Amino acid sequence: MYINGNLKLDSDFEIRVIREDEFDVDLFIDINYRSVDLDIGNNDLDISRIQFQMVRAILLRFSKNGMRMTCHMLRDIDLYSAFSNFEIEYKDKVIKIKQIEEKVEFRI
């Protein structure tokens, strides 16, 4: 379990800190070109899952004092290879990034 400030992250994958200053942290999670099923729970759009194909890595950028983070799906290890990004609120939640067979479940 990775805990930093208000963020609690439970993952089967190695979590690497690639940048940290007094305010922000960037985490890099290499998932080796797997599909990612983003489970967003109950929402106003009635969407239960969003899937991203062939994701090399997930980059998470969060504020040490905040409650929202930006999640970037990367096509390669280059930080500029993001093909999708979204913001989530993680206050009072444990974010889970788990391997299930050959895919990854990203649960908010």
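Now for a quick tour of the structure. Note on numbering: residues in each chain are counted from 1, in written sequence order. Note on the predicted model: pLDDT of at least 70 is required for a residue's local features to be given, and 80 or more for side-chain atom pairs to be given and counted; whole-chain, interface and lining totals, by contrast, use all residues. Hydrogens and water are ignored here; the side-chain numbers use all heavy atoms of the structure.

Below, the discussion takes up the overall build of the chain. Note on conventions: DSSP H or I runs of at least 4 residues are helices, E runs of at least 2 residues are strands, and numbering of each starts at the N terminus. A tally of regular secondary structure across the chain gives zero helices and nine strands. Reading the chain from its N terminus to its C terminus gives the helix and strand order β-β-β-β-β-β-β-β-β. Here the C-alpha coordinates of the chain stretch approximately 35 × 35 × 25 Å along the principal axes. Here, two residues are considered to be in contact whenever any of their heavy atoms come within 4.5 Å of each other. Within the chain, counting contacts between residues at least 6 apart in sequence, those at least 24 apart form 45% of the total. Of note, the chain has its 16 positive side-chain charges centred 1 Å away from the centre of its 21 negative side-chain charges. The sign given to each residue is positive for Lys and Arg and negative for Asp and Glu; His and the chain ends receive no count. Where a charge lies is defined by one atom per residue type: Lys uses NZ, Arg uses CZ, Asp uses CG and Glu uses CD.

On to a nonpolar patch on the surface, then. On the surface, a cluster of nonpolar side chains totalling about 310 Å² of accessible area is made up of M1, I3 and V94. On the secondary structure map, M1 appears in the segment before β1 (2-4). Judged by its relative accessible area of 64%, M1 is exposed. The residues that make up patches have over 30% relative accessible area and no salt bridge, and they are joined within 9 Å when like-charged or within 5 Å when they are Val, Leu, Ile, Met, Phe, Trp or Tyr. Per-residue and other accessible areas follow the Shrake-Rupley method at a 1.4 Å probe size, with only the shown protein chains counted as cover for residues. Salt bridges are counted wherever a side-chain nitrogen of Lys or Arg sits within 4 Å of a carboxyl oxygen of Asp or Glu. When a residue's accessible area, from a 1.4 Å probe over protein chains only, is under 20% of the maximum for its type it is buried; when over 50% it is exposed; and in between it is partly exposed.

A complete count under the given rule lists 14 salt bridges for this structure. D12 is the salt-bridge partner of K98, the closest N and O atoms lying 3.4 Å from each other. With a gap of 86 residues between them, K98 in strand β8 (residues 95-100) and D12 in the loop between β2 (7-11) and β3 (16-20) connect regions that are remote in the sequence. Residue class for K98 comes out partly exposed when judged on its relative accessible area of 23%. Under the relative-accessibility criterion, D12 is labelled partly exposed at 45%. One network of salt bridges, with partners in common, ties together R19, D21, D26 and R61.

Working definition: rings of Phe, Tyr and Trp (its six-membered ring) pair if their centres are within 6.5 Å, and the pair is stacked with planes under 30 degrees apart, edge-to-face with planes over 60 apart, and tilted otherwise. Considering all chains together, one arrives at four aromatic pairs under this definition. Ring centres 6.3 Å apart and planes at 65° place the aromatic pair F52 and F83 in the edge-to-face group. Taken as a pair, F52 in strand β5 (residues 49-63) and F83 in strand β7 (residues 82-89) lie far apart in primary sequence, 31 residues in all. On the basis of relative accessibility, which here comes to 10%, the residue F52 falls in the buried class. The class of F83 is partly exposed, set by a relative accessible area of 33%. Ring geometry for F62 and Y90: centres 6.4 Å apart, planes at 85°, overall edge-to-face. Of the two residues, F62 is situated in strand β5 and Y90 in the loop between β7 and β8; the sequence distance between them amounts to 28 residues. Residue F62 shares its accessibility class with Y90, and that shared class is buried. Here the aromatic residues F52, F83, F86 and F106 are joined through ring pairs into a cluster of three or more. Either the NZ atom of lysine or the CZ atom of arginine qualifies as a charge over a ring when it sits within 6 Å of the ring centre and within 35 degrees of the ring normal. Here the guanidinium or amino end of R75 rests over the ring plane of F83, the centre of that ring lying 3.9 Å away.

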